[in-house]
Amino acid sequence: MEDEVLSDSTDVEATTDAELPIDTAEQALEIVTMVTMFAERLASRWGLYQLLIILGLIAASVIITRFIRPSLRRLLTEYEGLPKWLLRIYAVLIQRSELVLFAGSSWAVYAVMQSVTWPSRSFIIGIAASLGLAWALISILTRFIRNRALRKTVAVLAWAYATLTIVGLWDETSGLLDSLAITTGEIRISLLMVISAAITLGVLIAAAGFVSKVTTTRVSRSEDIEPSMKVLLTKAIQLILYGTAVVVGLRAVGFDLSSLALLSGAIGVGIGFGLQKIVSNLISGIIILLDKSLKPGDVISLGETFGWITHLGARYASVETRDGREYLIPNEDFITSQVVNWSHSSNFVRLDIYFGVSYDSDPHQVKKVASEAPLSVNRVAN
């Protein structure tokens, strides 16, 4: 249905009902009405019967799980050679075994009741079975998100979306959430957009992290790639994957990225003033990796620091000295200061060792002893 709205000029604009402003109060009242109707259905005779069946399935699932869970855990210890992601899924299934068993038994009971009685008499059991299956899948999938806070946030939002969709309240709830919005100029941010962005970004970032980890592992195991190029490829892959995840996530929820032009200009000014050191270290790190002047394992000396590089990061390099100290040196220092790379073109490192002897010592004997002493060490080459 379309409503015609006359403007001040002779033009006529037609807008659909979906484009009209949503009345928040009406949306909330409709949700309350649907919840009330669902509660009345639960309070009916067959509704109570179905609730009793569901409670019985829950109790049976808990009791059975207590007996089989120890055996399942023993099986987990026997499959230590499997990939970590598969072991993680198996561990989640053991942890959520009550939920998995309840979902399976609920679907079985629902299928039987659908075939032997009226569909309305198993409606609530079908909802419970769908909820159990959805919650089990969400528990498994969200385990791949490493950040605990992000994992819990995505899980809660996904559970809420699944519940509302299964009980048939998602359209009304989404309309209510979309009506709660803030509009600034051409930018409109609704509560629905924020929630959708949180779920979408969480899933995409988790997927990007998983792909990044797999790719990084394969790159690090490759013997044909130099150590410095391994670090550069790893950082480039992570930057591309996470950047793509953020852009795709924002576009997927309908966020207009062109509205970030003003924000990007402000960020550019901030970089020019407050973040220039960070940007300088980042660019210096890329230059170091490209020109291969430094790589993990090199023995270097910078000022009074002498040691070997254990890690090259985006902002700093980690240098471990012979006494076990670890110095985090900004990448900019390697570009602007004089660095001695003892192992740049060769793995042999020459050290000057000063020692004193008595004036009464035979210099020829001192020379002989001093020459033979280092050769007693296996790492010293003649």
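Whatever comes next refers back to the structure up there.
For the structure given in this document, a descriptive report is provided here. (Residues numbered from 1 in each chain as written. Predicted model: local features only at pLDDT ≥ 70, side-chain atom pairs only at ≥ 80, totals over all residues. Heavy atoms only, no water.)

1. Details of the side chain of aspartate 298
Along the polypeptide, aspartate 298 turns up in the loop between α11 (276-291) and β5 (299-302). There is a polar contact of 3.1 Å between the side chain of aspartate 298 and the side chain of asparagine 341. In this view, aspartate 298 contacts Ser293, Gly307, Trp308, Ile309, Asn341 and Ser343; residues no more than four positions away in its chain are not counted. (Helix = DSSP H or I, 4+ residues; strand = E, 2+ residues; numbered from the N terminus. Polar contact = N/O pair within 3.5 Å; in protein donor to acceptor, adjacent residues only side chain to side chain. Contact = heavy atoms within 4.5 Å.)

2. Things to note about the pairing of strand β6 (residues 305-312)
Pairing geometry for β5 and β6, over 4 bridges, is antiparallel. The partner of leucine 302 across the bridge, within β6, is threonine 305. The loop that links β5 with its antiparallel partner β6 comprises 2 residues; one of these, glycine 303, has a positive phi angle of about 65°. Bridge count for β6 against strand β7 (residues 316-321) is 5 bridges, and the pairing is antiparallel. Considered in β7, the bridge of histidine 311 is made with serine 318. (Pairing = 2+ DSSP bridges.)

3. Let's talk about the nonpolar core
In terms of nonpolar packing, the biggest core is built from 13 residues, with Leu294, Ile300, Ile309, Leu312, Val319 and Phe334 touching the most fellow members. Elements with a minimum of two residues in this core: α9 (227-252), α11, β5, β6 and β7. Of all hydrophobic cores here, the second largest spans 7 residues; its members include Ile54, Met113, Ile124 and Ala128. (Core = buried A, V, L, I, M, F, W, Y, C linked by side-chain atoms within 4.5 Å. Buried < 20%, exposed > 50% of the residue type's maximum accessible area, 1.4 Å probe, protein only.)

4. Observations concerning the packing of helix α6 (residues 148-166) against helix α8 (residues 191-221)
Remark: α6 packs on α8, axes separated minimally by 9 Å, with the N-to-C direction vectors making an angle of 125°. For the element pair α6 / α8, the angle class is oblique. For the pair α6 and α8, the sense of crossing is left-handed. Between α6, through Leu150, Val154, Leu157 and Ala158, and α8, the contact on the second element is made entirely by Ile195, Ala198, Ile199, Gly202 and Val203. Grouping the constituent residues of the contact of α6 with α8 by class yields 8 nonpolar, 1 polar and no charged. (Axes fitted to C-alpha atoms, helices over the stretch in contact; angles between N-to-C directions. Parallel < 35°, antiparallel > 145°, perpendicular 65-115°, else oblique. Left-handed = near helix turned anticlockwise from the far one by under 90°. Nonpolar A, V, L, I, M, F, W, Y, C, P; charged D, E, K, R; others polar.)

Just geometry here; none of it tells us what the structure is for.
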